[in-house]
Amino acid sequence: MTPSALNPYLLMESSGRRFGLGEGQSWAIGRGDGCAVLLDSRSVSRLHALIQRKDGGELALVDLGSRNGSFVNGTRVSFPRVLQDKDRLVFGDQELLFRNPSRGEAVLAVAPLDSRNEPTTALHTHSLATIMVVDIRDFTPLARTLTESLLSQTIGTWFLRSGQITQRQGSWAQKYIGDAVMAVWVHDNPANVAADLLKTLRAVSEIAAATEEISRNLPLPSPLRIGAGINTGPAIVGGTDYTALGDTVNAAFRLESATKVLGLGIAIGEKTYEQLVEPARVGFARRQVELKGYEGPSTAWAISFQGLDEFLRKS
């Protein structure tokens, strides 16, 4: 075979149309102008998903918070999914076959997660969990100034890096929602909560560093900025799409939003603060905030990204 014949591609079997995935680092999938994989269907979002080349050369599928979801072999994609030859991909009512002739039937190894945080298809109520939400600030007006290809490269790279970081720090699952990422740490052993929270804080710090790196490496009109909310408490976790539900989750999103008013990058809930060991509390400032949907003011503890980095360097 020639080198070009070995390049990966997507095949729409109903029409025989091929979408090449040989040249480049990322390919946007959607019905919007500029998408490399242009799908003419109202069931497909304008910017539906992204295929991103990882450092090892594998191709990973990232759903970009699409309305109808992205599926690989019948399973909804909730975090970056490494693709294997002959995987079947579904976007809305559009089905494509992924082919990677150079890899054939080879099975790509996936590093196992900490067994404490392995996802389960069963829903469990009142599991103690920590929810981390990180959002890109002012991404909507920024996106209006970017080409489709640069937009997909920016958000796809950010999602991919964020997912790699949270997985490495032991999160149970990740979700990608618009321009935000949510990660979940499940605390099966109460004695490990403080250690798990340090992993969550390290994940936030590393995502901030990755965001700065992406801003330097891409021709963006202004640097990307992020905010983060962290909350600990009972949550419903599990399900086939690795769901986390409940008031603890809602409050984490509200805490992230509150950072815009607080003027600091990170806000954590009171229960999260109480679970931190005493040295880890240094640098957090107590604030009263109005969280949307909650009656009366709530207590949050806020810190800057610089303050968090200083603490982590000492820990």
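Source: prediction; values computed, not measured.

**Some remarks on the overall build of the chain**
And then number 1: Counting its secondary structure elements, the chain contains 6 helices and 19 strands.
And then number 2: Burial status across the chain gives 51% buried among its 315 residues.
And then number 3: Sequence separation of 24 or more characterises 60% of the internal contacts of the chain that already satisfy a separation of 6 or more.
And then number 4: Carbon and sulfur atoms make up 49% of the accessible area of the chain, which totals about 14,800 Å².

**Notes on the nonpolar core**
And then number 1: In terms of nonpolar packing, the biggest core is built from 53 residues, with Met132, Trp158 and Ile266 touching the most fellow members.
And then number 2: Here this core takes 10 residues from helix 3 (residues 193-217), the largest share from any one element.
And then number 3: Apart from residues lying up to four places away in sequence, Ile266 is in contact with Val204, Ala228, Ile230, Thr259, Trp301, Ala302, Ile303, Ser304, Phe305 and Leu308.
And then number 4: The next biggest cluster of nonpolar side chains, apart from the first, holds 20 residues, and it includes Phe19, Val37, Leu61 and Phe91.

**Some details on the sheet that holds strand 11 (residues 94-99)**
And then number 1: The antiparallel open sheet is built from 6 strands, whose spatial order is 2-1-11-10-7-8. What marks the edges here is a single partner per strand, and that holds for strand 2 (17-20) and strand 8 (75-76).
And then number 2: Taken together, the 4 bridges between strand 10 (residues 88-91) and strand 11 define a ladder with antiparallel strand orientation. In the strand pairing of strand 11, Leu89 is matched with Leu96.

**A word on the packing of helix 3 against helix 6 (residues 305-314)**
And then number 1: In contact at an axis separation of 10 Å, helix 3 and helix 6 are set at 125° when each is read in the N-to-C sense. Relative to helix 6, the element helix 3 is oriented oblique. Of the two possible hands of crossing, helix 3 and helix 6 adopt the one that is left-handed. For the pair helix 3 and helix 6, contact is made by Leu198, Leu201, Arg202, Val204, Ser205 and Ala208 and by Phe305, Leu308, Asp309, Phe311 and Leu312, respectively.
And then number 2: Grouping the amino acids of the contact of helix 3 with helix 6 by side-chain chemistry returns 8 nonpolar, 1 polar and 2 charged.

Definitions and limits used
- Residues numbered from 1 in each chain as written.
- Predicted model: local features only at pLDDT ≥ 70, side-chain atom pairs only at ≥ 80, totals over all residues.
- Heavy atoms only, no water.
- Helix = DSSP H or I, 4+ residues; strand = E, 2+ residues; numbered from the N terminus.
- Buried < 20%, exposed > 50% of the residue type's maximum accessible area, 1.4 Å probe, protein only.
- Contact = heavy atoms within 4.5 Å.
- Areas by Shrake-Rupley, 256 points an atom, 1.4 Å probe, with all protein chains shown as cover.
- Core = buried A, V, L, I, M, F, W, Y, C linked by side-chain atoms within 4.5 Å.
- Pairing = 2+ DSSP bridges.
- Axes fitted to C-alpha atoms, helices over the stretch in contact; angles between N-to-C directions.
- Parallel < 35°, antiparallel > 145°, perpendicular 65-115°, else oblique.
- Left-handed = near helix turned anticlockwise from the far one by under 90°.
- Nonpolar A, V, L, I, M, F, W, Y, C, P; charged D, E, K, R; others polar.

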